[in-house]
Amino acid sequence: MKEKIVEDIRSAFEKDRTLSKNITSNLDFTFSGYKVKVEYAFSCYDENEAEAESFSNYCLQNIRQGLEEQGYTMEKVTCEASEMDMTWLDRMEEIWFE
(Lines give C-alpha, C1' and ligand atoms only; values in the text may rest on other atoms or scores of the structure.)
Protein backbone atom coordinates (compact mmCIF):
# COMPACT_ATOMS: atom_id res chain seq x y z
CA MET A 1 0.00 0.00 0.00
CA LYS A 2 2.82 2.43 0.83
CA GLU A 3 4.26 1.96 -2.66
CA LYS A 4 0.93 2.95 -4.21
CA ILE A 5 0.67 6.05 -2.03
CA VAL A 6 4.22 7.09 -2.92
CA GLU A 7 3.54 6.53 -6.63
CA ASP A 8 0.24 8.46 -6.54
CA ILE A 9 1.81 11.45 -4.82
CA ARG A 10 4.99 11.36 -6.92
CA SER A 11 2.87 11.20 -10.07
CA ALA A 12 0.80 14.22 -8.98
CA PHE A 13 3.98 16.22 -8.37
CA GLU A 14 5.47 15.22 -11.73
CA LYS A 15 2.29 16.07 -13.69
CA ASP A 16 2.44 19.70 -12.55
CA ARG A 17 5.22 21.19 -14.67
CA THR A 18 5.71 24.29 -12.53
CA LEU A 19 6.01 22.29 -9.34
CA SER A 20 8.21 19.55 -10.78
CA LYS A 21 10.70 21.89 -12.47
CA ASN A 22 11.29 23.77 -9.18
CA ILE A 23 11.84 20.71 -6.98
CA THR A 24 15.58 20.29 -6.55
CA SER A 25 15.68 17.21 -4.34
CA ASN A 26 14.11 13.82 -4.02
CA LEU A 27 10.67 13.53 -2.48
CA ASP A 28 11.16 12.09 1.01
CA PHE A 29 8.19 10.18 2.42
CA THR A 30 7.65 9.49 6.13
CA PHE A 31 4.69 7.37 7.16
CA SER A 32 2.94 7.64 10.52
CA GLY A 33 -0.25 5.61 10.80
CA TYR A 34 -2.61 6.81 8.08
CA LYS A 35 -0.64 9.97 7.42
CA VAL A 36 2.30 10.61 5.16
CA LYS A 37 4.70 13.53 5.35
CA VAL A 38 6.37 14.58 2.10
CA GLU A 39 9.51 16.71 2.27
CA TYR A 40 11.50 18.21 -0.60
CA ALA A 41 13.54 21.23 -1.59
CA PHE A 42 11.80 23.78 -3.83
CA SER A 43 13.95 26.42 -5.52
CA CYS A 44 12.76 29.57 -7.24
CA TYR A 45 14.05 33.06 -7.91
CA ASP A 46 11.51 35.21 -6.10
CA GLU A 47 12.44 38.60 -4.66
CA ASN A 48 12.06 37.63 -1.01
CA GLU A 49 11.27 34.75 1.32
CA ALA A 50 7.55 35.55 1.62
CA GLU A 51 7.10 35.49 -2.17
CA ALA A 52 9.02 32.22 -2.47
CA GLU A 53 6.90 30.60 0.24
CA SER A 54 3.72 31.88 -1.39
CA PHE A 55 4.77 30.54 -4.81
CA SER A 56 5.62 27.13 -3.35
CA ASN A 57 2.24 26.99 -1.61
CA TYR A 58 0.48 28.05 -4.83
CA CYS A 59 2.12 25.16 -6.71
CA LEU A 60 0.90 22.69 -4.09
CA GLN A 61 -2.64 24.03 -4.34
CA ASN A 62 -2.56 23.22 -8.07
CA ILE A 63 -2.22 19.49 -7.30
CA ARG A 64 -4.57 19.42 -4.31
CA GLN A 65 -7.76 18.68 -6.29
CA GLY A 66 -6.21 15.77 -8.19
CA LEU A 67 -4.98 14.21 -4.96
CA GLU A 68 -8.36 14.73 -3.28
CA GLU A 69 -10.05 12.94 -6.20
CA GLN A 70 -7.81 9.95 -5.38
CA GLY A 71 -8.81 10.09 -1.71
CA TYR A 72 -5.84 12.04 -0.29
CA THR A 73 -6.10 15.26 1.70
CA MET A 74 -3.48 17.85 2.55
CA GLU A 75 -3.87 18.68 6.21
CA LYS A 76 -0.94 21.02 6.50
CA VAL A 77 1.54 22.76 4.22
CA THR A 78 4.69 24.25 5.66
CA CYS A 79 7.00 26.26 3.43
CA GLU A 80 10.22 27.77 4.68
CA ALA A 81 12.27 29.91 2.34
CA SER A 82 15.93 30.72 2.61
CA GLU A 83 18.29 32.66 0.43
CA MET A 84 20.26 30.82 -2.18
CA ASP A 85 24.00 30.57 -1.84
CA MET A 86 25.14 33.10 -4.43
CA THR A 87 28.86 33.08 -3.58
CA TRP A 88 29.52 31.44 -6.94
CA LEU A 89 28.23 34.59 -8.65
CA ASP A 90 30.51 36.81 -6.56
CA ARG A 91 33.51 34.65 -7.46
CA MET A 92 32.61 34.71 -11.15
CA GLU A 93 32.25 38.49 -11.11
CA GLU A 94 35.66 38.80 -9.46
CA ILE A 95 37.23 36.70 -12.21
CA TRP A 96 35.58 38.61 -15.04
CA PHE A 97 35.93 42.14 -13.72
CA GLU A 98 39.35 42.19 -12.07
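What you see is a predicted model, and the numbers here were worked out from it, not measured in a lab.

1. Concerning the overall build of the protein chain
Helix and strand counts for the protein chain stand at four helices and two strands. Helices and strands appear in the protein chain in the N-to-C order α-α-β-β-α-α. Per-residue burial over the protein chain gives 21% buried out of 98 residues. Taking the contacts inside the protein chain whose residues are at least 6 apart along the sequence as the reference set, 40% of them involve residues at least 24 apart. Taken as a whole, the protein chain presents about 8,000 Å² of accessible surface, with 48% of it coming from carbon and sulfur.

2. Focus: the pairing of strand 2 (residues 35–39)
As paired elements, strand 1 (residues 28–32) and strand 2 share five bridges and run antiparallel to each other. Bridging from a neighbouring strand, D28 pairs with E39 of strand 2.

Cut-offs used in this document
Residues numbered from 1 in each chain as written. Predicted model: local features only at pLDDT ≥ 70, side-chain atom pairs only at ≥ 80, totals over all residues. Heavy atoms only, no water. Helix = DSSP H or I, 4+ residues; strand = E, 2+ residues; numbered from the N terminus. Buried < 20%, exposed > 50% of the residue type's maximum accessible area, 1.4 Å probe, protein only. Contact = heavy atoms within 4.5 Å. Areas by Shrake-Rupley, 256 points an atom, 1.4 Å probe, with all protein chains shown as cover. Pairing = 2+ DSSP bridges.

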